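Listed here are the chains, written in short residue letters.
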Amino acid sequence: MLKKEWIEQGYIDEPIDLKQEIRRLCKEKNAVVLAHYYTTGDIQEVADFVGDSLALARQAAKTDADIMVMAGVHFMAETCKLLSPQKKVLCPDLNAGCSLADSCRAEDLKKFKDEHAGYKVVSYVNTTAAVKALTDVVVTSGNAKKVIDQLPQDEKIIFGPDYNLGNYINAVTGRQMLLWNGGCHVHERFSVQKIVELKEQYPDAVVMAHLECKAPVLAIADVKGSTAHMLQYAQQSDARQFIVATEAGILHELQRTCPDKEFIPVPPEISESGLECQCNECQYMKMNTLLKIYNCLKYEWPSVEVDPEIAKEAVKPIERMLQMS
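Definitions and limits used
Residues numbered from 1 in each chain as written. Predicted model: local features only at pLDDT ≥ 70, side-chain atom pairs only at ≥ 80, totals over all residues. Heavy atoms only, no water. Pairing = 2+ DSSP bridges. Helix = DSSP H or I, 4+ residues; strand = E, 2+ residues; numbered from the N terminus. Buried < 20%, exposed > 50% of the residue type's maximum accessible area, 1.4 Å probe, protein only. Right-handed = clockwise from strand over helix to strand, strands pointing away. Salt bridge = Lys/Arg side-chain N within 4 Å of Asp/Glu carboxyl O. Core = buried A, V, L, I, M, F, W, Y, C linked by side-chain atoms within 4.5 Å. Contact = heavy atoms within 4.5 Å. Axes fitted to C-alpha atoms, helices over the stretch in contact; angles between N-to-C directions. Parallel < 35°, antiparallel > 145°, perpendicular 65-115°, else oblique. Left-handed = near helix turned anticlockwise from the far one by under 90°. Nonpolar A, V, L, I, M, F, W, Y, C, P; charged D, E, K, R; others polar. Polar contact = N/O pair within 3.5 Å; in protein donor to acceptor, adjacent residues only side chain to side chain.

Observations regarding the sheet that holds strand β6 (residues 137-139)
If you walk across this open sheet you meet the four strands as β6-β5-β7-β8, and the pairing is parallel. Among the strands making up the open sheet, the edge pair consists of β6 and β8 (178-179).

Take a look at the structure:
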């Protein structure tokens with residue numbers, strides 16, 4: 001049931017079961033709810049699909065749904081619109097941005113490209129549609145190495161916006177890609193010290209780290225990869241304990257699919273308030289709530305649109321990536 005305060009503030013008309021109403025609206029409006037692994041557990045439980053951003057957009061594009069609700073961040077809703085231009089794409093909170101995507105503005109990338117003639121641009125999927133429109137091929141953390149390996153060895157490449165992912169790919173491929181200096185505010189906060197302290201408490205635990213983490217963190221990780229790779233590894237591994245260095249929302253899916261295993265989140269090195277906390281969360285992902293999902297389904301707003309000219313160019317590097325991976 002909903003809190004009395006929500007009714008008084010005009011968000012809803014009467015107390016309701018949000019999960020039940022979201023599912024009713026989905027059926028009534030032929031809609032699907034997409035939840036990123038980093039959203040809260042209650043959102044993941046009500047969603048039709050749970051996963052990484054590009055995988056969600058691709059899954060939704062295969063459905064006959066008329067409406068898709070992207071419970072993630074704004075660039076993910078844009079990607080849904082790129083792959084399903086004929087469908088209505090809703091974003092529960094337009095303020096849910098992304099520190100990584102925001103670290104690379106299209107106008108800045110265009111200027112950088114102009115200053116480096118002859119370079120190809122490889123962009124991480126965590127970018128705006130306008131940045132994708134300036135890109136030659138898009139990559140995910142799961143397929144970045146595979147895509148880069150298929151480019152000529154002497155290809156001059158600008159890789160962005162995630163410096164840590166690009167640095168890792170340079171290290172494992174021997175490339176010397178020119179790296180954009182961007183990063184995820186969540187993964188930048190992980191530290192070697194905190195992982196070492198947890199390893200002393202849980203000596204048999206497997207350390208898993210996302211490729212957006214800094215090089216020293218990746219250096220001490222047993223498993224390095226995307227959230228999907230970490231999930232797959234945990235499901236198939238005989239290990240019973242895992243130390244997890246990525247956004248804490250993934251713990252819900254890890255625990256759901258591996259109920260007999262223990263997952264220990266790595267806290268940030270230090271919180272913004274100067275106080276330690278027990279997990280590392282994305283403030284933007286956590287802007288998604290059941291109430292916002294209910295309201296955007298009910299009113300079919302706010303919707304996300306992409307300028308047709310930008311969309312025409314932005315979808316090309318995604319299509320090229322899919323061909324290569």
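Details of the pairing of strand β7 (residues 157-160)
What you see with β7 is no split at all: Ile-157 and Phe-159 on one side and Ile-158 and Gly-160 on the other are buried throughout. Relative to β7, strand β5 (residues 120-124) is paired through four bridges, and the arrangement is parallel. Paired with Val-122 across the bridge in β7 is Phe-159. Pairing of β7 with β8 involves two bridges; the strand directions are parallel. Looking at the pairing, Ile-158 lines up with Leu-178 of β8. Regarding topology, helix α10 (residues 163-173) serves as the crossover connection from β7 to the parallel β8, and that connection is right-handed.

Topic: the pattern of salt bridges
Throughout the structure, instances matching the rule amount to 16 salt bridges. For the salt bridge of Arg-24 with Glu-28, the shortest nitrogen-to-oxygen distance reads 2.8 Å. Of this pair, Arg-24 and Glu-28 both sit in helix α2 (residues 18-29), four residues apart, roughly one helical turn. Overall, the relative accessible area of 39% leaves Arg-24 in the partly exposed class. Given a relative accessible area of 53%, Glu-28 falls into the exposed group.

What about the nonpolar core?
Core analysis: the largest hydrophobic core is formed by 81 residues, its most contacted members being Leu-34, Val-122, Met-208, Phe-242, Val-244, Leu-254 and Phe-263. Once residues within four sequence positions are removed from consideration, Val-122 is found in contact with Thr-135, Val-137, Val-139, Ile-148, Leu-151, Ile-157, Ile-158, Phe-159 and Gly-160. If you look at the next biggest cluster of nonpolar residues, it comprises 21 residues, including Leu-25, Cys-26, Leu-290 and Leu-291.

Structural notes on the packing of α2 against helix α15 (residues 290-299)
Put simply, α2 and α15 touch, their axes get as near as 10 Å, and they point 25° apart. With respect to each other, α2 and α15 are oriented roughly parallel. At the point where α2 passes α15, the crossing takes the left-handed sense. For the pair formed by α2 and α15, the contact residues are Leu-18, Lys-19, Glu-21, Ile-22, Leu-25, Cys-26 and Lys-29 on the first element and Leu-290, Leu-291, Ile-293, Tyr-294, Leu-297 and Lys-298 on the second. For the contact of α2 with α15, the class distribution of residues is nine nonpolar, no polar and four charged.

As for α10
Every buried residue of α10 is accounted for by Asn-164, Leu-165, Gly-166, Ile-169, Asn-170 and Thr-173. Structurally, α10 contributes buried residues whose contacts are with β5, α9 (144-149), β7 and β8. The residue sitting at the N-terminus of α10 and contributing the capping side-chain oxygen is Asp-162; that oxygen lies 3.1 Å from the backbone nitrogen of Asn-164. Just past α10, the residue Gly-174 takes up positive phi, approximately 80°.

Section: α15
Where burial is concerned, most of α15 is hidden: seven out of the 10 residues are buried. Within the sequence span of α15, burial applies to Leu-290, Leu-291, Ile-293, Tyr-294, Asn-295, Cys-296 and Leu-297. At the C-terminal side of α15, Glu-300 shows a positive phi close to 50°.

So, unusual backbone geometry
Of note, the amide linkage connecting Gly-160 to Pro-161 takes the cis form, showing an omega dihedral of -5°. If you trace the backbone, Pro-161 turns up in the loop between β7 and α10. Here the amide bond leading from Trp-301 into Pro-302 is cis, since omega sits at 0°, within 30 degrees of zero. Residue placement: Pro-302 occurs in the loop between α15 and α16 (308-324). At Asn-30, a position not held by glycine, the phi torsion is positive, near 55°.

So, the environment of Lys-111
Looking at the element boundaries, Lys-111 is found in helix α7 (residues 106-115). The exposure class of Lys-111 is exposed, given its relative accessible area of 54%. A C-alpha to C-alpha distance of 15 Å links Lys-111 and Leu-179, two positions 68 residues apart in sequence.

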